[in-house]
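Next come the chains, spelled out residue by residue.
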Amino acid sequence: MDRTVRLLISFDGTAYKGWQRQASVPTIQGILEQKLSLICNEPIVLHGAGRTDAGVHALGMVAHFHTSSPIQLPALSRGLNSLLPPDIRIIKAEHATDNFHSRFSAIAKTYRYDFHTGRIMEPTRRLYEAHFPGQFDPLPVNNCLKLLTGCHDFASFEGAGSRDLTKTGGRGSTRTLFTLRLVEDDTLPLHFSLLFTGDGFLRHMIRNIVGTLIPVGQGKISPADFSAVITARDRRAAGPTAPAHGLFLVQIYYSEHEFNIQSSTPMI
């Protein structure tokens, strides 16, 4: 009898071409499906909550699969972790209801973008923070975060290939951002994190927002200019795409209770 298994996954995305399986290149989904198929002794198709880009990391990716294997979940987790490379780990495996879907059942997600504005980037952090050296003022950036909060058309920050533009209906490039925060690390001066919690994100949306916010902090454009970028609904109006390695998928929410509790507590 088939059952649905839900996985909580953490990974360092440095060595991978993103989540989605591709021929001839290493991906998170591809590696996991290969090892799961060995353990379950049957072909496994893994459904992820989203498609992270090459170089993006995850603290809390969620994925699910269906299997007829009788293997107990503790044994599955141990066996899978023993077969996986050290940059991918299963944090938790649990049974889910038959109607659970890691992508379509999600109600919100939190991402974090880490960056450093000091003159020199520490070598040990170079794969996990973007480097934007120079003057950086958090105040105008915080003003821009207020402009982004709520329901908006984020077409100006939408990467190419985000969705099928020929399809009508649906929500298009409109998304709702519930909370946005800029946090400076108390123990590491000039190390910052931008946190985004929303009901969904377009391809490259966060990285394109970050690439437009950084010039605001550097005094190159004003919050008024940033507001004009939002209303333009044109990708050409926004800044460059920030590097992938600063981005982390932090958490995916599947219930209002879970979301409300997490939203009321610090994320860093």
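Presented here is a report on the structure given in the accompanying data block. The structure presented is a predicted model; accordingly, all values stated were derived computationally and were not measured.

Focus: the nonpolar core
A general tendency of soluble globular proteins is for nonpolar side chains to be buried together. The biggest cluster of nonpolar side chains holds 67 residues, and the ones touching the most others in it are Leu 7, Ile 9, Leu 32, Phe 115, Leu 148, Phe 157 and Leu 194. When residues of this core are assigned to their parent elements, the largest contribution, 7 residues, is made by helix H4 (residues 205–217). Filtering out sequence-adjacent residues up to four positions away, Phe 157 remains in contact with Leu 148, Arg 203, His 204, Met 205, Asn 208, Ile 209, Thr 212, Phe 226, Val 229, Ile 230, Arg 235 and Ala 238.

Brief notes about the packing of helix H3 (residues 138–148) against helix H5 (residues 223–232)
As a packed pair, H3 and H5 sit with axes 9 Å apart at the nearest point and diverge in direction by 25°. With respect to H5, the axis of H3 lies roughly parallel. Of the two elements, H3 crosses H5, and the hand of that crossing is right-handed. Together, Pro 140, Asn 143, Cys 144, Leu 147 and Leu 148 of H3 and Pro 223, Phe 226, Ser 227 and Ile 230 of H5 make up the contact between the two elements.

Comments concerning the pairing of strand E10 (residues 247–253)
With 7 of 7 residues buried, E10 is to be regarded as a mostly interior element. Looking at chain direction, strand E3 (residues 57–67) and E10 are connected through 2 bridges and run parallel. Note that in E10 the partner of His 57 across the bridge is Phe 248.

Cut-off values and rules
Residue numbers restart at each chain and count upward from 1, following the sequence in its written direction. Owing to the predicted nature of the model, reporting of local features is limited to residues with pLDDT of at least 70; listing and counting of side-chain atom pairs is limited to 80 or more, with chain, interface and lining totals taken over all residues. As a rule here, side-chain values come from all non-hydrogen atoms in the structure, and water together with hydrogens is ignored. To qualify as a nonpolar core, a set must consist of buried Ala, Val, Leu, Ile, Met, Phe, Trp, Tyr and Cys residues joined through side-chain atoms within 4.5 Å. Classification of residues uses two cut-offs on accessible area relative to the type maximum, computed with a 1.4 Å probe and protein chains only: under 20% is buried, over 50% is exposed, and between them is partly exposed. Note on conventions: DSSP H or I runs of at least 4 residues are helices, E runs of at least 2 residues are strands, and numbering of each starts at the N terminus. In this analysis, two residues are considered to be in contact whenever any of their non-hydrogen atoms come within 4.5 Å of each other. For every element, the axis is a line fit to its C-alpha atoms; helices are fit only across the contacting stretch, and the angle between N-to-C directions ranges from 0 to 180 degrees. The cut-offs work like this: below 35 degrees is roughly parallel, past 145 is roughly antiparallel, 65 to 115 is roughly perpendicular, and the gaps in between are oblique. What makes a crossing left-handed is the near helix being turned counterclockwise from the far one by less than a right angle; a clockwise turn instead makes it right-handed. Pairing between strands requires that DSSP locate at least two bridges from one strand to the other.

Function-wise, these values are silent; they only describe arrangement.
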